[in-house]
Amino acid sequence: MAKKSKTAFICQNCATTHTQWQGKCDGCGEWNTIVEDNPLAGIGGGPGRAPKKGRVVPLASLDGEIEEAPRIISRVAELDRVTGGGFVRGSAVLLGGEPGIGKSTLLMQAAAALSRAGHNIVYVSGEEAVAQVRLRAKRLKANETQVLLAAETNVEDILTTLNDMEKRPDLVIIDSIQTMWTDSADSAPGTVTQVRQSAQALIRYAKSTGATVVMVGHVTKEGNIAGPRVVEHMVDAVIQFEGDGSHQYRILRALKNRFGPTDEIGVFEMMQSGLRQVANPSELFLGERADNAPGAAVFGGMEGTRPLLVEIQALVAPTSLGTPRRAVVGWDSARLSMIIAVLQAHCGVNLGQHDVYLNVAGGYRISEPAADLAVACALISSLAGLALPTDCVYFGEISLSGSIRPVPHAGQRIKEAEKLGFKSAVLPKGSSDVPKRNDESIFAAEKLVDLVVKIAG
Ligand code: TYD
Ligand code: MG
């Protein structure tokens, strides 16, 4: 048991420490998240530990030893893409996502694939009994594999079990970190202190044995990894599993990665028999397109190194309100206001008396500024009541001056569109690596006003 020290009041969302209880946390603004806890429990070695002399080495002399981090490849290609080519040995990964999104399913499928490839995998469930985990594995056709299961919540017990195993594990899955508790902290399971210290012990285990530890963390509806936001800083990679309850597909995204890129996404579809990888996401997002509907424009986007086409839908309608409505799903509303302002200031298109609704099809979320042009074209098309050509893709950033600026990877975006049967493109003038054409299939726009003329006449 840790030495009893003074308690403080700690926010369970952001770990800010307060000297007295209060209803709202000053750190993150959340209500009712402050709990009395011991902020220093388990930190440091305690009074019994004697200091030990460390070792310093010159940076330059390490030259010969530098090599790529060894990885274990899960063979779930979409997962490997996000981790940057497989889990790095000795690293700790946090997999976040809303409850029910499919974290346990994904990890069970990855565990099965790794086990089939001869790796030693341990799946520790703190939420479900072994029988329940088995049942899920059976549904996923993973029950014939050598994955080892344990239903445990005490970190010391888990570490003792792992250290006693005949064959050292290559990968340990902890589902979930919020259910874990350690003897070294005396607060209740699920509190920041317990989560932080449990994670610390598991990370230490990963570093010292070379096993990869993947911890599941549930996120709040605001998208933060609930409570253990502190854990985000401690692990080597944070991966988020996202999706929309009303859609079947799920997106895996790296929010932090010490050993790889953070701009790659993995796309899955949740089926009766588990998660199916979607190798060509554009087909998924363009699946249910209506022909000849005004207000729809296909955006030629990029996610990391992969092109992705999505449909942007706009509805512009005369308002009955004093202040017109602007509603956006899947895009930044500040960016929409900017496009509306540019249309008014530089193109003579006034939306001051119109409600504007913007939706990114399929519940997908776009973060690229390159979507500006597709959004502007969708708005103009809806306002004019004229459908855009269905075989055309749009991309380009719009500046406040109304000019259209080039974006990276123009060639790749066009290639992806051609692969899916698109015949033409509207893109910024001056884009690099655009295929040379003699026909009019590529329209290189310089100013937004030129496009207004082209679309609305
Ligand atoms: P789960 O992996 O338990 O989610 P998490 O661990 O993130 O809380 O997945 C839960 C949902 O997935 C559940 O609503 C049922 C659904 N599901 C399927 O549709 N097909 C399947 O094969 C499995 C295992 C789950
Ligand atoms: Mg689960």
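Residues numbered from 1 in each chain as written. Chains lettered and ligands numbered in written order. Predicted model: local features only at pLDDT ≥ 70, side-chain atom pairs only at ≥ 80, totals over all residues.

Asker: Just checking my understanding: could you explain the site of ligand 1 for this structure?
Answerer: By nearness alone, 15 residues border ligand 1, and Gly102, Lys103, Ser104, Thr105 and Gly274 come closest of all. Take the shell around ligand 1: its biggest share by element is three residues, from helix H2 (residues 103-116). Among the residues making up the shell around ligand 1, the classes are represented as four nonpolar, eight polar and three charged. (Near = placed C-beta within 6 Å. Helix = DSSP H or I, 4+ residues; strand = E, 2+ residues; numbered from the N terminus. Nonpolar A, V, L, I, M, F, W, Y, C, P; charged D, E, K, R; others polar.)

Asker: When you look at helix H4 (residues 155-163) in this model, what are you seeing that I'm missing?
Answerer: Note on helix geometry: an α-helix contains 3.6 residues per turn, so any two residues three or four positions apart are oriented the same way. Among the residues of H4, Val155, Ile158 and Leu162 are the ones counted as buried. Taken end-on, H4 shows its buried residues confined to a sector of 60°, consistent with a single buried face. Relative to its buried face, H4 has exposed residues pointing more than 90 degrees away, namely Thr160 and Asn163. The secondary structure elements touched by the buried residues of H4 are strand S7 (121-125), strand S9 (171-175) and helix H5 (192-209). (Buried ≥ 20, exposed ≤ 12 C-beta atoms within 10 Å, placed from the backbone. Arc of directions from axis to C-beta. Contact = placed C-beta atoms within 7 Å.)

Asker: Which parts of the structure should I look at to understand the sheet that holds strand S15 (residues 296-303)?
Answerer: Picture the strands of a sheet paired through backbone hydrogen bonds; they go either parallel or antiparallel. Spatially, the seven strands line up as an open sheet ordered S17-S18-S16-S15-S19-S22-S23, and their pairing is mixed. The open sheet has two edge strands with one neighbour each: strand S17 (326-329) and strand S23 (442-445). Shown here is a sheet whose adjacent strand axes are inclined to one another by a mean of 25°, direction ignored. Bridge analysis of S15 against strand S16 (residues 306-318) gives eight bridges, and the strand direction is antiparallel. Bridging across to S16, Val298 finds its partner in Glu311. Across the face of the sheet, helix H8 (residues 333-347) comes into contact with S17 and strand S18 (354-360) while running at roughly 130° to S17. (Pairing = 2+ DSSP bridges. Axes fitted to C-alpha atoms, helices over the stretch in contact; angles between N-to-C directions.)

Asker: I'm lost on the UniProt feature "binding site: ATP" (unreviewed entry) in the chain in this one. Help?
Answerer: Using the residue numbers shown here, the UniProt feature "binding site: ATP" (unreviewed entry) corresponds to Gly97, Glu98, Pro99, Gly100, Ile101, Gly102, Lys103 and Ser104. Looking at the secondary structure, you find Gly100 in the loop between strand S6 (92-97) and H2. Classification of Gly100 as exposed rests on a count of 11 C-beta atoms within 10 Å. Classification of Lys103 as buried rests on a count of 26 C-beta atoms within 10 Å. Here Lys103 is in contact with Leu95, Gly97, Val216 and Phe241, once residues within four sequence places are set aside. (UniProt positions renumbered as here; feature names shortened; annotations may be inferred.)

Asker: Looking at this structure, I do not really get the nonpolar core. What am I missing?
Answerer: Within soluble globular proteins, side chains that are nonpolar generally end up buried alongside one another. Judged by nonpolar contacts, the single largest core of 66 residues is most densely connected at Ala111, Tyr123, Ile174, Val213 and Met215. Element by element, the count of residues in this core is highest for H2, at seven residues. Here this core spans two domains, since at least three of its residues come from each of domain 1 (1-40) and domain 2 (70-279). Discounting residues that sit within four places of it in the chain, Ile174 has contacts with Val124, Met180, Leu202, Val213, Val214, Met215 and Val216. Membership of the second largest hydrophobic core comes to 53 residues, among which are Phe285, Val342, Ala378 and Ile455. (Core = buried A, V, L, I, M, F, W, Y, C linked by C-beta atoms within 7 Å. Domains from an automatic or database assignment.)

Asker: Explanation requested: the confidence of the model for the chain in the structure shown.
Answerer: Low pLDDT means the predicted atomic positions in that stretch should not be read closely. When pLDDT is averaged along the chain, the result is 87, and 92% of the positions lie at 70 or above. For the chain, per-element mean pLDDT is lowest for helix H7 (residues 281-285), which scores 77, and highest for strand S20 (residues 397-398), which scores 97. (pLDDT = per-residue confidence, 0-100.)

Asker: Before we go on, may I ask you to explain unusual backbone geometry in this structure?
Answerer: With glycine set apart, most residues show a phi of negative sign, and most peptide bonds adopt trans. Across the junction of Asp175 and Ser176, the peptide omega takes the value 0°, indicating a cis bond. Inspection of the secondary structure assignment puts Ser176 in the loop between S9 and H5. Even without a glycine there, the phi angle at His409 is positive, about 60°. Looking at the element boundaries, His409 is found in the loop between strand S21 (404-405) and helix H10 (410-419). On the basis of neighbour count, His409 is assigned to the buried category, with 20 C-beta atoms found within 10 Å. One non-glycine residue, Asp433, lies in the positive phi region at around 40°. Within the secondary structure, Asp433 is located in the loop between strand S22 (424-428) and S23. When the 11 C-beta atoms within 10 Å are taken as the criterion, Asp433 is described as exposed.

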